[in-house]
Amino acid sequence: MHRTPTRRASALVAAVSSLSLLTTACGDTGDSADGDSVTSAKNGEASPNAPTRKGLTVGFVPKQLDTPYFAVADQGGERAVKGLGSSFKEVGTEQGADTDGQVSHINDLTQEKVDAIAISALDPSALCDALKEAMDAGIKVVTYDSDTKPECRYAFVSPASAEDIAVRQLELLGEQLDYKGDIAVLSAAQTATNQNSWISSIKEELEDPRYKDMRLVDVVYGDDEAQKSYDKAEELLQEHANLKGIISPTTNGIKAAAKYLSQSEYKGEVKLTGLGAPNDMRPYVEDGTVEAFVLWDPARLGELAGHAAVALASGQITGREGQMFLAGDMGWFELGTDGVITLGDPTVFDAENIDDYDF
Ligand code: RAM
């Protein structure tokens with residue numbers, strides 16, 4: 001996941017460096033953020049060599065506070081923000097899929113006049129009014145982990161492409177099932193943008209001829225709550241007598257499903273994969289419930305979001321495709337279409353390598 005500056009990056013920075021006195025940083029546009037002005041702010045000039053502003057306040061809003069994944073991600077964000085000389089704060093609801101809670105935390109951060117907000121969105125649209133008000137007040141908004149609609153933020157820090165994440169999970173399950181049998185998905189919140197983009201990529205990938213004997217029979221939602229996810233896993237097994245495999249693209253869901261399977265008659269029979277945290281999944285890999293699963297380093301994701309938030313607030317980027325910023329020891333990152341910043345390739349964890357990771 002470590003990136004080094006590309007030749008293109010270096011050339012761009014050198015060129016912009018020589019022009020930096022002539023360019024205008026857009027950290028303080030003061031634009032009114034109806035859809036058009038956000039677009040024009042995104043299309044404004046950026047200066048990758050503009051000085052990094054210090055003394056900023058960056059607010060992180062995870063999907064929920066009680067998920068280890070977000071604890072680790074936000075620690076990464078804190079490290080980045082503090083390391084750049086600014087203040088970090090984290091606000092959020094304790095657990096579950098509380099979209100209204102996210103809206104009120106955004107409103108509070110706007111009232112407090114923070115400089116930037118990094119948020120993992122529980123819904124693509126429901127946060128938009130609050131986020132547009134924040135942007136209207138001059139606050140730089142970046143989503144991480146789970147996006148809103150692009151017009152409701154300047155940039156999105158994505159773990160990897162939706163296709164890569166979906167394809168990797170489906171491949172792991174296909175290999176374990178010899179590419180045959182009924183499968184189901186145990187997701188998190190029904191509205192979560194990241195979950196839904198992965199589910200639609202899984203559906204698309206299932207059209208590939210090698211999956212012709214695999215059938216997606218159900219998609220259920222555990223809202224990232226441990227008990228609800230456990231109950232949903234149990235229901236899947238009760239309702240689908242021929243179920244052979246489950247994909248759970250959520251750290252809370254896969255952990256709960258593994259717990260259920262490990263205590264059931266289906267242990268080792270019904271295959272489970274998805275997106276899991278190595279420390280959560282270690283016991284289930286050791287006891288044979290799970291063979292392999294996928295994730296990225298959440299600390300690096302949060303760190304990248306922290307760097308992106310400060311880069312936006314410093315006018316080093318505005319959200320336009322092709323802009324670049326330096327994310328500390330992770331190197332230079334380039335903004336893609338719609339301001340998407342991609343961390344890197346996901347990692348597969350199994351009995352061979354799981355002990356090399358501690359998160
Ligand atoms: C859960 C959340 C999060 C997702 C990870 C993989 O913690 O749903 O949004 O990215 O799993």
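Residues numbered from 1 in each chain as written. Predicted model: local features only at pLDDT ≥ 70, side-chain atom pairs only at ≥ 80, totals over all residues. Heavy atoms only, no water.

Student: Give me the overall build of the protein chain: which residues, what numbers.
Tutor: Scanning the protein chain from terminus to terminus reveals 11 helices and 14 strands. In the protein chain, buried positions account for 57% of the 359 residues. Long-range pairs, those at least 24 residues apart, make up 72% of the contacts in the protein chain with a sequence separation of at least 6. (Helix = DSSP H or I, 4+ residues; strand = E, 2+ residues; numbered from the N terminus. Buried < 20%, exposed > 50% of the residue type's maximum accessible area, 1.4 Å probe, protein only. Contact = heavy atoms within 4.5 Å.)

Student: How would you summarise the nonpolar core if you had to cite specific residues and measurements?
Tutor: One finds Ile-117, Tyr-144, Val-157, Trp-296, Leu-304, Phe-325 and Ile-341 to be the most contacted residues of the largest nonpolar core, which totals 89 residues. A domain split of this core shows at least three residues from each of domain 1 (23-160 + 297-346) and domain 2 (162-295). Of all hydrophobic cores here, the second largest spans 12 residues; its members include Leu-173, Ile-199, Met-214 and Ile-247. (Core = buried A, V, L, I, M, F, W, Y, C linked by side-chain atoms within 4.5 Å. Domains from an automatic or database assignment.)

Student: An account of the packing of aromatic side chains is requested, with residue identities and associated values reported.
Tutor: One pass over the structure, following the stated rule, counts 13 aromatic pairs. Here Tyr-69 and Phe-70 contribute two aromatic rings whose centre-to-centre distance is 4.9 Å and whose plane-to-plane angle is 90°, an arrangement assigned as edge-to-face. Classification of Tyr-69 by relative accessible area gives buried; the value is 6%. Between Phe-349 and Phe-359, the ring centres sit 6.3 Å apart and the planes meet at 80°, which makes this aromatic pair edge-to-face. With Phe-349 in strand 14 (residues 347-350) and Phe-359 in the segment after strand 14, the pair connects residues that are 10 residues apart, well separated along the chain. Judged by its relative accessible area of 1%, Phe-349 falls in the buried class. (Phe/Tyr/Trp six-rings, centres within 6.5 Å; stacked < 30°, edge-to-face > 60°.)

Student: With reference to specific residues and values, describe the layout of surface pockets.
Tutor: When its volume is computed, the largest pocket comes out at roughly 260 Å³. In terms of lining, the largest pocket is formed by 14 residues, of which the most central are Glu-225, Ala-226, Gln-227, Asn-252 and Lys-255. For the lining of the largest pocket, the elements supplying multiple residues, two or more each, are helix 8 (226-239) and helix 9 (251-262). With 4 residues, helix 9 is the largest single contributor of residues to the lining of the largest pocket. For the lining of the largest pocket, a count of residues per class yields 5 nonpolar, 4 polar and 5 charged. Counting contributing residues, the lining of the largest pocket receives three or more from each of domain 1 (23-160 + 297-346) and domain 2 (162-295). (1 Å grid on protein atoms, 1.4 Å probe; cavity = no way out; pocket = protein on both sides within 12 Å on 5 of 7 lines; lining within 4 Å. Points joined across faces, edges and corners; volume = space filled by probe spheres on them. Nonpolar A, V, L, I, M, F, W, Y, C, P; charged D, E, K, R; others polar.)

Student: Report on the site of the ligand, specifying residues and quantitative values.
Tutor: Within the structure, the ligand sits among 15 residues, and Lys-63, Asp-145, Asn-194, Asp-224 and Thr-251 are positioned closest to it. In the environment of the ligand, an oxygen atom lies 2.5 Å from a nitrogen or oxygen atom belonging to the side chain of Asp-145. Within the contact set of the ligand, an oxygen atom lies 3.3 Å away from a side-chain nitrogen or oxygen of Gln-195. Burial of the ligand by the surrounding chains reaches 100%, relative to a free accessible area of 290 Å². Contributing elements (two or more residues each) for the shell around the ligand: helix 3 (68-83) and helix 7 (193-205). (Near = heavy atom within 4 Å. Polar contact = N/O pair within 3.5 Å; in protein donor to acceptor, adjacent residues only side chain to side chain. Areas by Shrake-Rupley, 256 points an atom, 1.4 Å probe, with all protein chains shown as cover.)

Student: Explain the packing of helix 3 against helix 11 (residues 298-313) to me, using residue names and the numbers behind them.
Tutor: In a pair of packed helices, the angle between the axes and the distance between the axes together describe the arrangement. Relative to each other, helix 3 and helix 11 sit at 40°, their axes nearing to 6 Å. Relative to helix 11, helix 3 is oriented oblique. For the element pair helix 3 and helix 11, the recorded crossing hand is right-handed. In this structure, helix 3 uses Tyr-69, Val-72, Ala-73, Gly-76, Gly-77, Arg-79, Ala-80 and Val-81 to contact helix 11, whose residues at the interface are Pro-298, Ala-299, Leu-301, Gly-302, Glu-303, Gly-306 and His-307. The class makeup of the residues in the contact of helix 3 with helix 11 is 8 nonpolar, 5 polar and 2 charged. (Axes fitted to C-alpha atoms, helices over the stretch in contact; angles between N-to-C directions. Parallel < 35°, antiparallel > 145°, perpendicular 65-115°, else oblique. Left-handed = near helix turned anticlockwise from the far one by under 90°.)

Student: Quick one: what's the story with a negative patch on the surface, residue by residue and with numbers?
Tutor: On the surface, Glu-163, Asp-164, Glu-204, Glu-207 and Asp-345 cluster together to form a negatively charged patch. Mapping Asp-164 onto the fold places it in helix 6 (residues 162-177). Asp-164 gets classed as partly exposed once you look at its relative accessible area, which sits at 36%. (Patch = residues over 30% accessible without salt bridge, like charges linked within 9 Å, V, L, I, M, F, W, Y side chains within 5 Å. Salt bridge = Lys/Arg side-chain N within 4 Å of Asp/Glu carboxyl O. Lys, Arg positive; Asp, Glu negative; His and termini not counted. Charge placed at Lys NZ, Arg CZ, Asp CG, Glu CD.)

Student: I'd like a rundown of helix 6, residues and numbers included.
Tutor: Over its 16 residues, helix 6 runs 23 Å from end to end, which matches the ideal 22 Å to within 8%, given 1.5 Å per residue. Among all positions of helix 6, only Ala-162, Ile-165, Ala-166, Gln-169, Leu-170, Glu-171, Leu-172, Leu-173, Gly-174, Gln-176 and Leu-177 are buried. Just downstream of helix 6 lies Asp-178, where phi reads positive at about 55°. (Expected span 1.5 Å × (residues − 1).)

Student: How would you summarise the sheet that holds strand 3 (residues 116-119) if you had to cite specific residues and measurements?
Tutor: The strand order 2-1-3-4-5-13 describes an open sheet built from 6 strands, whose pairing is parallel. Pairing within the sheet leaves two strands with one partner each, and these edge strands are strand 2 (87-90) and strand 13 (340-342). Ignoring strand direction, the axes of neighbouring strands in this sheet form an average angle of 20°. Taken together, the 3 bridges between strand 5 (residues 155-158) and strand 13 define a ladder with parallel strand orientation. If you follow Ser-158 over to strand 13, its bridge partner there is Thr-342. Packing against the sheet, helix 3 makes contact with strand 1 (57-61), strand 2 and strand 4 (140-144), and its axis sits at approximately 160° to strand 2. (Pairing = 2+ DSSP bridges.)

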